Amino acid sequence: MSGALSHIRVLDLSRVLAGPWAGQVLADLGAEVIKVERPGVGDDTRHWGPPYLKDAEGKDTSEAAYFLTANRNKQSLTIDFTQPEGQRIVRELAAQCDVVLENFKVGGLAAYGLDYASLKALNPRLIYCSITGFGQDGPYAKRAGYDFMVQGLGGLMSLTGRSDEEEGAGPMKVGVALTDILTGLYASVGVLAALNHREQTGIGQHVDLALLDVQVACLANQAMNYLTTGVPPKRLGNAHPNIVPYQDFPTADGDIILAVGNDSQFRKFCEVAGCTELADDVRFASNKARVANREVLVPMLRQTTVFKTTGEWISLLEQAGVPCGPINNLAQVFEDAQVKARGLRLDLPHALGCLAPQVASPIRLSQTPVEYRNAPPLLGQHTEQVLQSLLGMSLERIGELRSAGVL
């Protein structure tokens, strides 16, 4: 292993998405990630199907596509740590790891002696990352938290969906579990920062990540729009609250996204569209004026864009330097020339004898590139390997623990 984190070992006690996403980021960067799962059950997402991975004959396997999302480059070890012997094994593993990832409810691991204080006593250099819905303190700390409910509670759904003036208006969640994914990314950043601090001081620390904290932090310009005015932003559909025109427009055969970011680009668009008088109109000459007069301008532009196809607009506007693009479905995404050129679709050999499709990491490092070592593992695939190599456990002892339901 030659990745940037090839010297780091991670014990991943998390499941579903936010924690496993963080673990996969670290694994892609070279870390050895040991995923601890419940015997016979495993990560909840192993069962979140259909769809399922197809075998070499095109038939469904038992591996849900959802699980394949966030668990490549990991080893799967089954342990029932509700049993004392299972707790002991996890503690012994944590003593040999650099990082622990967990997403249990606040205080949920203390009963098993697997909380930060307990593991820190065994391994003072340990980085212990807890991912919860609402953080380790505050009035909601003990509540369960899920992406969908946090998108609502954290304000994202108040900003997503059609305008109240349009038919079908109402709050709408994002089409992927974005809060979970962002939390996983922030968790990996926090872990890397803690590892850097440990490199300088020799001291580990607790990293506290909350879905709600991340959701509020990622409201970005919309949070500032509210904080600077005291007025909650409204849903605008695909329109931008601070830039016009920056939304979808109809074409002769579909739709196109215009992302006009400055006055020069707006003038170039008007030249291509044959409506230069709009760029000279005081109501539209500046972005500030266009935002104030969007209700007038946007309908006028929509009457113009319908006279060319999406492909014609993209060809003309790209030549003029006006940012634009199509609205692709996922079949079109993975057939896109740029997506193919960047190698964003890949296949990894799976233990079931088939290929597991994957989406490549977006991190490109010139000296320590991401390595795709293993497909997401079968449940307990590496139990013997991990216990033998790290704890020196004999096959006979492993067999005894299996019979006792510990493994």
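Predicted model, so just to flag it, every value in this text is computed and none were measured.

Definitions and limits used
- Residues numbered from 1 in each chain as written.
- Predicted model: local features only at pLDDT ≥ 70, side-chain atom pairs only at ≥ 80, totals over all residues.
- Heavy atoms only, no water.
- Buried < 20%, exposed > 50% of the residue type's maximum accessible area, 1.4 Å probe, protein only.
- Helix = DSSP H or I, 4+ residues; strand = E, 2+ residues; numbered from the N terminus.
- Pairing = 2+ DSSP bridges.
- Arc of directions from axis to C-beta.
- Contact = heavy atoms within 4.5 Å.
- Axes fitted to C-alpha atoms, helices over the stretch in contact; angles between N-to-C directions.
- Salt bridge = Lys/Arg side-chain N within 4 Å of Asp/Glu carboxyl O.
- Polar contact = N/O pair within 3.5 Å; in protein donor to acceptor, adjacent residues only side chain to side chain.
- Disulfide = S-S within 2.5 Å.
- Parallel < 35°, antiparallel > 145°, perpendicular 65-115°, else oblique.
- Left-handed = near helix turned anticlockwise from the far one by under 90°.
- Phe/Tyr/Trp six-rings, centres within 6.5 Å; stacked < 30°, edge-to-face > 60°.
- Lys NZ or Arg CZ within 6 Å of the ring centre and 35° of its normal.

What follows deals with the pairing of strand S5 (residues 74-78). Regular strands place their side chains on alternate faces of the sheet. For S5, the tally of buried residues reaches 5 of 5 residues, placing the bulk of the element in the interior. What you see with S5 is no split at all: Lys 74, Ser 76 and Thr 78 on one side and Gln 75 and Leu 77 on the other are buried throughout. By the bridge criterion, 5 bridges tie strand S2 (residues 32-37) to S5 in an arrangement that is parallel. In the strand pairing of S5, Glu 37 is matched with Thr 78.

Here we take up helix H3 (residues 84-94). Every buried residue belonging to H3 is among Gly 86, Gln 87, Ile 89, Val 90, Leu 93 and Ala 94, and all of these are buried. For H3, the buried positions fall inside an angular range of 160 degrees around the axis, keeping them on one side. Buried residues along H3 sit against strand S1 (9-12), S5, strand S6 (99-102), helix H4 (116-122), helix H17 (383-391) and helix H18 (395-403).

If you trace the 6 strands from one edge of the open sheet to the other, you get S5-S2-S1-S6-S7-S8, paired in parallel fashion. Strands at the two margins of the open sheet, each flanked by one partner only, are S5 and strand S8 (205-210). On average, each strand axis in the sheet is inclined to that of its neighbour by 20 degrees, with strand direction left out of account. Along the sheet, H17 contacts S1, S2 and S5; its crossing angle with S5, the most-contacted strand, is approximately 90 degrees.

Let's shift gears to the pairing of strand S9 (residues 246-250). Most of S9 is tucked away, with 4 of its 5 residues classed as buried. Looking at chain direction, S9 and strand S10 (residues 255-259) are connected through 5 bridges and run antiparallel. Looking at the pairing, Asp 248 lines up with Ile 257 of S10. Connecting the antiparallel pair S9 and S10 is a turn made up of 4 residues.

The next thing to look at is the pattern of salt bridges. Across all of its chains, the model carries 21 salt bridges by this definition. Two residues, Lys 59 and Glu 57, come together in a salt bridge whose shortest N-O distance is 3.8 Å. Relative accessible area serves as the criterion here: at 52%, Lys 59 is assigned to the exposed category. Taken together, the salt bridges that share partners define one network made up of Glu 85, Arg 88, Glu 92, Arg 397 and Glu 400.

What follows is about the sheet that holds S10. Strand order in this open sheet of 3 strands is S9-S10-S11, and the pairing throughout is antiparallel. A strand with exactly one partner marks an edge of an open sheet, and here the two such strands are S9 and strand S11 (324-325). Pairing of S10 with S11 involves 2 bridges; the strand directions are antiparallel. Across the sheet, residue Ile 257 finds its bridge partner in S11, namely Gly 325.

So, about the environment of Arg 294. Among the structural elements, Arg 294 can be located in helix H13 (residues 294-305). Exposure remark for Arg 294: the relative accessible area of 11% places this residue in the buried category. Each C-alpha atom, one on Arg 294 and one on Pro 245, is 7.8 Å from the other, the two residues being 49 residues apart in sequence. Beyond its immediate chain neighbours, meaning those up to four positions away, Arg 294 contacts Leu 236, Ala 239, His 240, Pro 241, Asn 242, Val 244 and Pro 299.

A separate point is the environment of Lys 120. Within the secondary structure layout, Lys 120 lies in helix H4. Sequence spacing of Lys 120 and Ala 95 is 25 residues, and the spatial spacing of their C-alpha atoms is 8.7 Å.

To continue, consider the side chain of His 350. Looking at where His 350 falls in the secondary structure, it is placed in the loop between strand S12 (345-349) and strand S13 (355-359). For His 350, a relative accessible area of 6% gives the class buried. At 3.1 Å, the side chain of His 350 forms a polar contact with the backbone nitrogen of Leu 352. A distance of 3.4 Å separates a polar side-chain atom of His 350 from the backbone oxygen of Pro 376. Setting aside anything within four residues of it in sequence, one finds His 350 in contact with Leu 53, Glu 63, Ala 356, Ala 375, Pro 376 and Leu 378.

Bringing the environment of Pro 233 into the picture now. By the element assignment, Pro 233 lies in the loop between helix H9 (220-229) and S9. Expressed as a C-alpha distance, the spacing of Pro 233 and Leu 156, which sit 77 residues apart in the sequence, is 11 Å. Those residues within four positions of Pro 233 in sequence are excluded, and the remaining contacts are Ser 158, Leu 159, Gln 222, Asn 225 and Tyr 226.

Quick look at the state of the cysteines now. Within the structure shown, the criterion is met by 0 disulfides. You can see Cys 324 has no disulfide; the closest cysteine sulfur is in Cys 270, sitting 14 Å from it.

Moving on, we get to the packing of helix H10 (residues 263-273) against H13. Viewed as axis vectors pointing N to C, H10 and H13 meet at an angle of 40 degrees, and their least axial separation amounts to 11 Å. Put simply, H10 runs oblique to H13. Between H10 and H13 the crossing geometry is left-handed. Counted together, Phe 266, Phe 269 and Ala 273 of H10 and Leu 297, Leu 301, Thr 304 and Thr 305 of H13 form the full contact between these two elements.

A separate point is the packing of aromatic side chains. For the structure on display, the rule yields 6 aromatic pairs. Measuring from centroid to centroid gives 5.0 Å for Trp 48 and Tyr 66, while their planes differ by 85 degrees, and the two rings are edge-to-face. Of this pair, Trp 48 sits in the loop between S2 and strand S3 (52-54) while Tyr 66 sits in helix H2 (residues 65-68), placing them 18 residues apart in sequence. The exposure class of Tyr 66 is partly exposed, given its relative accessible area of 28%. Through a chain of ring-to-ring contacts, the aromatic side chains of Phe 81, Phe 104 and Tyr 112 assemble into a single cluster. Above the plane of the ring of Tyr 140 lies Arg 143, whose end atom (NZ or CZ) is 3.9 Å from the centre.

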